[in-house]
Amino acid sequence: MAKVFEPTIKAMEFINIGKRVPKLDAWDKVQGKTMYIHDVKLPRMLHGKILWSKYPHARIVSIDTSKAEQLPGVRAVITGYNTPEIRCGFIKDNPVLKKDKVRQYRDEVAAVAADTLEIAEKAVKLIDVAYEELPAVFDPEEAMQEGAPLIHEDKGSNVLKLPWKMICGDVEEGRKQADYIVEETFRLPFVTHCCLGTSGCVAQFDAKGNLTVYSPTQIRFLAHKDFQEAMKALGLKDKTVKVIQTAIGGGFGSKLDTYPFEFITIMLAYYSGRAVKLVYTREEEFFASPGRQPVRAKISQGCTREGKLTFRDIEMILDNGAYTSWGATTPSVMMMPISSLYQVPNIRYVAKCVHTNNIYSTAMRGYGNPQATFAIESQIDTLAEKAGFDPWQFRMINRNRPGEVTPQKFEITSCGMKECLEAVKEKLQWDEKRGKSNGRGVGIASLIHVGGGARIYKSDGCGTILKLDDFGKASLLSSASDMGQGSDTILAMIVAEELGLNVEDVTVIMKDTDLEIWDAGAHASRSTFVAGNSALYAARKAKEEILEFAATMLKEPKENLYLRDRKVFSCNNPEATMDIDKLLRAAHFRTNGRQIVVSEFYDPPTVMLDREMKGNFSAAYTYGVHGVEVEVDQETGQIKILKYIIAMDVGRALNPMAVEGQLEGGGAMGLGYSLMEELHLEKGKLLNGNFLDYKILTFPDMPNIDSVIVETIDEKGPFGAKGIGEPPLVGSAPAIANAVWDAVGVRIRSLPITPEKIVAALEEKQRSNS
Amino acid sequence: MDERVMAMKISFNLNGEDVSINIDDHITLLEMLRDSFELYGAKEGCGYGECGSCTVIVDDMAINSCLMLAVSVNGRTVVTVEGLAGPRGELDPLQQAFVDRGAVQCGFCTPGMIMSAKALLKEKSNPGEEEIRKGMAGNLCRCTGYSKIVEAIKCASEGGCSCGKGF
Ligand code: FES
Ligand code: FES
């Protein structure tokens with residue numbers, strides 16, 4: 001049964017689960033002891049620097065590196081012409097050093113490794129590149145026209161060949177059944193992650209030619225594969241690669257792919273024979289690390305007189321930029337809210353990703369979901385009003401329910417949408433506050449996201465190795481990645497709970513591809529669910545072994561034994577008890593002794609999307625509702641957030657403090673996306689690549705978020721938990737747009753919702769009224 | 001471009017210890033702390049005074065060490081995040097509050113946050129929420145949404161907070 005969070009009787013029985021446990025690495029972090037990529041220093045390490053392209057689209061006529069090579073302290077200068085070709089991205093359309101032509105301002109043309117960063121910076125300035133400018137295209141719709149300049153001639157078209165089409169039911173039939181239909185177009189901007197720690201890596205070859213890469217990646221095993229492939233190009237196919245993950249200074253999807261700079265650093269290390277470090281400046285981080293893809297969405301939805309949705313029809317165009325990274329696959333995730341947010345029987349969705357000479361895009365927290373949900377949830381309000389329904393009531397009518405199978409064949413296990421809607425309604429004082437049109441307004445938006453992994457690769461698995469020592473301490477080698485969200489702590493709590501240990505008895509290690517089993521990476525809000533289940537099942541195996549041995553030692557049937565407070569107990573015999581460390585030593589130091597080491601590879605019970613883009617690709621789905629109250633200054637268009645509530649169905653809150661951290665941090669990122677963030681490109685060139693001109697929320701801007709944790713205890717999640725890393729930002733923008741509508745009666749269909757847009761819309765409204 | 005570099009000998013107090021060093025006059029305080037003293041707590045998040053992750057305390061004032069030249073700390077007192085914990089590693093109450101209140105996620109902003117908060121609390125022992133938010137406006141965090149940092153600072157202030165651990 002779903003309920004708003006308060007410790008239940010069941011939860012009270014847990015020792016660790018459900019407690020507000022501080023993050024395991026917080027002690028080091030508050031003392032400045034944590035090593036980020038910026039802090040890595042190896043003996044005789046060189047510094048790398050990239051020369052970026054000066055044009056958005058141009059032929060490279062020649063590159064003269066001779067002056068740079070002669071500069072004292074320069075150890076390697078590489079270009080596409082003196083190195084083997086390595087390409088990155090999932091369709092390998094991005095040569096890491098550009099040859100023949102550049103396709104965007106931030107293209108990598110050459111790179112230098114030198115004794116100091118200063119020398120490297122000087123050296124790249126000494127490289128002469130002669131370009132011949134080519135006609136460029138910056139608007140995806142123009143890029144789709146016949147005769148538009150081709151970004152990749154070999155592809156024959158700027159439109160990517162990707163299967164982004166989904167049909168469920170019959171949309172034409174749905175249109176016929178609808179008594180009310182609304183059709184609108186929405187626009188979503190280009191934004192970026194703004195991790196406080198910029199990107200970077202360090203590469204080093206050993207004397208045998210084996211490679212070690214230090215990286216704050218979110219995907220150390222997929223990166224391992226990409227680097228291993230690159231070794232082939234360098235003629236080092238039989239050599240090994242090891243990825244060591246440093247502390248990650250913010251991820252949010254930005255480190256979900258491998259990028260040219262990493263391969264460049266590897267080549268610089270290879271050609272110089274020295275360790276090389278390459279770290280982006282903030283300026284580079286802005287223009288050279290790909291962001292969230294801009295989207296144009298044409299959407300129509302219809303409903304009956306009774307308020308039941310009959311169809312949803314969406315066409316999208318995504319500006320893919322010059323190359324292809326994960327940004328181009330976000331439509332596969334957009335399909336989730338499109339097909340499965342509310343009960344909609346008839347759906348049509350088509351998306352085109354189009355190359356332009358703009359900066360390319362990658363994964364970013366929410367992975368397409370914020371764009372799709374902005375369009376859907378903004379329009380739900382308009383449709384509800386047109387059909388004469390209170391938007392909250394309209395959502396209740398169409399809400400998802402536990403146990404349903406959605407048109408995309410998602411099998412919904414737990415679903416707390418109703419509870420989230422009710423909680424937000426109450427906290428927002430919806431009935432009293434709504435519909436006043438006095439400059440104050442309230443708005444809500446619901447969301448769905450994957451909460452049980454997402455099978456986007458053939459394996460969605462995650463490995464765990466769990467080792468118990470002679471002192472009752474556990475080492476947990478998890479393949480998950482912690483970017484700050486707290487998966488280290490969650491995993492330790494899970495293992496401690498299962499083995500009757502304290503959290504501080506568990507050391508979590510997640511950093512080295514040589515030590516750990518494979519994992520698909522920190523994406524799709526999957527760590528708690530997938531890595532959590534992996535850790536849980538490993539702990540259960542260890543527990544079995546411990547209890548088996550304890551049974552012989554204590555001469556008690558195994559079924560009667562349980563672990564708690566670092567001891568083994570029998571439920572029948574209070575005398576039969578033993579400290580766990582003693583037990584472990586007894587098992588170890590004897591003839592035929594053994595130590596307890598177990599491994600687990602957990603792959604959730606899901607399938608990949610089929611050719612129709614259907615199938616249960618996540619083992620659980622997370623629901624939530626955002627609610628905001630705003631005050632809009634009708635003169636200046638300024639929006640003040642008076643109240644911000646995020647209610648999330650998290651399955652079970654394993655660590656409520658960490659859940660709140662995700663809700664508050666995600667909410668902040670969502671508010672930034674809604675109100676102020678936008679990368680401005682002029683003819684492909686970034687105009688506002690710094691924190692002065694690209695604003696993210698600061699202390700005074702950020703309202704306190706009222707987090708409502710709804711627990712539905714998912715049947716498949718570890719202790720009932722579902723993933724919640726991404727969803728807290730998904731509902732922000734439509735909730736605010738809906739509140740602005742309620743406050744002043746204008747509908748803003750593009751983000752960010754700036755004061756200028758509101759003033760313009762109010763003026764427009766006045767004009768059409770008079 | 002004039003590329004003459006002048007090395008200057010400076011002496012100052014660093015985390016309670018008197019130190020001297022020859023340093024080039026174009027080196028920033030942040031570079032000197034990291035490269036010459038291997039104090040990696042202060043971070044470069046931007047390098048131009050907009051993120052606060054390089055914050056250290058110079059003579060009781062929180063400053064962006066990326067903007068200050070190293071030579072200008074001559075004769076002054078510098079405290080970095082490494083200088084806060086006690087001799088046996090006991091955390092400063094502010095550090096403890098950051099830990100306990102979940103104010104740390106990726107942690108990249110954390111040393112700068114703590115140093116700004118430290119200076120704020122020195123100036124005002126019991127700031128209200130508005131004052132904290134205003135006083136901390138120069139420090140960016142992309143992970144936490146700030147509320148838990150505000151709580152932590154409140155918690156470590158004289159008035160303490162509802163958690164009762166207090167100062
Ligand atoms: S690094 Fe100094 S303010 Fe950003
Ligand atoms: S904790 Fe990551 S930037 Fe603040």
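Scoring rules and cut-offs
- Residues numbered from 1 in each chain as written.
- Chains lettered and ligands numbered in written order.
- Predicted model: local features only at pLDDT ≥ 70, side-chain atom pairs only at ≥ 80, totals over all residues.
- Heavy atoms only, no water.
- Domains from an automatic or database assignment.
- Contact = heavy atoms within 4.5 Å.
- Buried area = accessible area lost by both parts, 1.4 Å probe.
- Salt bridge = Lys/Arg side-chain N within 4 Å of Asp/Glu carboxyl O.
- Polar contact = N/O pair within 3.5 Å; in protein donor to acceptor, adjacent residues only side chain to side chain.
- Helix = DSSP H or I, 4+ residues; strand = E, 2+ residues; numbered from the N terminus.
- Buried < 20%, exposed > 50% of the residue type's maximum accessible area, 1.4 Å probe, protein only.
- Pairing = 2+ DSSP bridges.
- Axes fitted to C-alpha atoms, helices over the stretch in contact; angles between N-to-C directions.

With that settled, the discussion passes to the domain arrangement of chain B. All names here are of chain B. One can read the domain layout of chain B as domain 1 (9-84) and domain 2 (93-158). Domain 1 and domain 2 are separated by 20 Å when their C-alpha centres are compared. Across the contact, 17 residues belong to domain 1 and 14 residues belong to domain 2. Interface area, domain 1 with domain 2, both sides summed: about 1,200 Å², of which 69% is carbon and sulfur. Connecting domain 1 to domain 2 are one salt bridge. Between K122 and D60 there is a salt bridge, with its nearest N and O atoms 3.6 Å apart. Linking domain 1 with domain 2 are three residue pairs in polar contact (both at pLDDT 80 or more), by the criterion used here. When residues of the side of domain 1 that touches domain 2 are assigned to their parent elements, the largest contribution, three residues, is made by strand β3 (residues 55-58).

With that settled, the discussion passes to the pairing of β3 of chain B. Residues and elements named next belong to chain B. Side chains T55 and I57 project from β3 onto one buried face, and the interleaved V56 and V58 project onto a second face that is buried too. From the end of β3 to the start of strand β4 (residues 61-64), which pair antiparallel, there are two residues, and D59 there has a positive phi angle of about 45 degrees. The sheet contact formed by β3 and strand β5 (residues 77-79) spans two bridges and is antiparallel. Considered in β5, the bridge of V58 is made with V78.

All names here are of chain A. On the basis of which strands lie adjacent, the open sheet formed by three strands has the order β23-β24-β25 and antiparallel pairing. Every interior strand has two partners, whereas the edge strands, β23 (561-564) and β25 (577-579), have only one. Direction aside, the axes of adjacent strands within the sheet are offset by 20 degrees on average. Pairing geometry for strand β24 (residues 567-570) and β25, over three bridges, is antiparallel. What sits directly across from V568, in β25, is M578. The strands touched by helix α17 (residues 580-588) are β23, β24 and β25; relative to β25, the strand with the most contacts, the crossing angle is about 85 degrees.

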